[in-house]
Amino acid sequence: MNGWQRFAVLIICCFAVMILYPDFGASGWTFIGMIIAMWTGVIIILSVVSNLFGLYKWESLNKLIFFVLTCAIMYSLLWYFPQEDKVTPVNKIKYGEFPTKADIDRGLKRFTFNFDFVRRNAKRKENFTNQDIDEKAIKKEIKKKVSQKTDELVEKLDIQVD
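Residues numbered from 1 in each chain as written. Predicted model: local features only at pLDDT ≥ 70, side-chain atom pairs only at ≥ 80, totals over all residues. Heavy atoms only, no water.

Asks: Please set out the overall build of the chain residue by residue, giving values where relevant.
Replies: When helices and strands are counted, the chain shows six helices and zero strands. Beginning at the N terminus, the succession of helices and strands in the chain can be written as α-α-α-α-α-α. Among the 162 residues that make up the chain, the fraction classed as buried is 23%. Within the chain, contacts between residues at least 6 apart in sequence are counted, and of these 72% link residues at least 24 apart. (Helix = DSSP H or I, 4+ residues; strand = E, 2+ residues; numbered from the N terminus. Buried < 20%, exposed > 50% of the residue type's maximum accessible area, 1.4 Å probe, protein only. Contact = heavy atoms within 4.5 Å.)

Following this line, the structure appears as structure tokens:
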């Protein structure tokens, strides 16, 4: 397992914890950034040591290192991930408060884009989605604007011929 795969597992673990426990504020984003920076450093050092001593040749040792790294990442995330109610995810699990479907939905909503156009005001001029276009009215409006603009330009243009 190379460093990129370990980094991908780090990112997946961070997103999983953020989705399962969505009650975090701005401090949660800061914490995730610091955790990613810290564990990226550990992954880089682990990759250098692995290449230096040839640990990548032994598959069973590589799997053990991967398992220990994944457990350490999840431990640090679950033990220290800040929540608004000041109870860490490990203590929530210890007291039997497991993530519900509503928690997962709220967590997923943080990472999704709202494609629901029904709640938007479709009659605004700025929103042209799902509106019928009246070509004749548009052409009339364009002709009217063009004729107004040409009349203004003709008035500004004062040519004197002797």
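Asks: Requested: an account of the packing of aromatic side chains, with residues and values cited.
Replies: Enumeration according to the criterion identifies six aromatic pairs in this entry. Aromatic side chains F15 and F111 sit 5.1 Å apart centroid to centroid with 85° between the ring planes, which places their arrangement in the edge-to-face category. Residue F15 is found in helix α1 (residues 3-20), and its partner F111 is found in the loop between α5 (101-110) and α6 (135-156); the two are separated by 96 residues along the sequence. A residue is classified by how much of its surface remains accessible, and F15, at 37% relative accessible area, is partly exposed. Over the ring of F24 we find R110, and its NZ or CZ is 4.1 Å from the ring centre. (Phe/Tyr/Trp six-rings, centres within 6.5 Å; stacked < 30°, edge-to-face > 60°. Lys NZ or Arg CZ within 6 Å of the ring centre and 35° of its normal.)

Asks: Report on the packing of α1 against α5, specifying residues and quantitative values.
Replies: One can describe the packing of α1 onto α5 by two numbers: an axis separation of 7 Å at closest approach and a directional angle of 120°. As far as their axial angle goes, α5 and α1 are oblique. On α5, the residues that touch M18, I19 and L20 of α1 are D103, I104, G107 and L108. Here the residues of the contact of α1 with α5 are counted per class, giving five nonpolar, one polar and one charged. (Axes fitted to C-alpha atoms, helices over the stretch in contact; angles between N-to-C directions. Parallel < 35°, antiparallel > 145°, perpendicular 65-115°, else oblique. Nonpolar A, V, L, I, M, F, W, Y, C, P; charged D, E, K, R; others polar.)

Asks: Pulling in residues and values, what's your account of the pattern of salt bridges?
Replies: Per the counting criterion, the structure on display carries six salt bridges. One salt bridge in this structure joins K101 and D105, with 3.4 Å as the shortest N-O distance. Taken together, the residues K101 and D105, both in helix α5 and four residues apart, mark about one turn of the helix. Since its relative accessible area comes to 61%, K101 is described here as exposed. D105 gets classed as partly exposed once you look at its relative accessible area, which sits at 38%. Measuring nitrogen to oxygen at the nearest pair gives 2.6 Å for the salt bridge that ties D103 to R106. Of this pair, D103 and R106 are both found in helix α5, three residues apart, which corresponds to roughly one turn of the helix. Overall, the relative accessible area of 17% leaves D103 in the buried class. Using a relative accessible area of 38% as the deciding quantity, one classes R106 as partly exposed. Among the ionic contacts, a cluster of salt bridges with common partners joins D23, D103 and R106. (Salt bridge = Lys/Arg side-chain N within 4 Å of Asp/Glu carboxyl O.)

Asks: Break down unusual backbone geometry for me, with residues and values.
Replies: In the Ramachandran plot, K86 falls in the positive-phi region, its phi being about 65° despite a non-glycine side chain. Mapped onto the fold, K86 is located in the loop between α3 (59-80) and α4 (89-94).

Asks: Give me a nonpolar patch on the surface: which residues, what numbers.
Replies: A contiguous nonpolar surface patch, about 430 Å² in accessible area, is contributed by I45, V49, L52 and F53. Relative to the helices and strands, F53 resides in helix α2 (residues 26-53). For F53, a relative accessible area of 60% corresponds to the exposed category. (Patch = residues over 30% accessible without salt bridge, like charges linked within 9 Å, V, L, I, M, F, W, Y side chains within 5 Å. Areas by Shrake-Rupley, 256 points an atom, 1.4 Å probe, with all protein chains shown as cover.)

Purely geometric stuff here, so don't read any function into it on its own.
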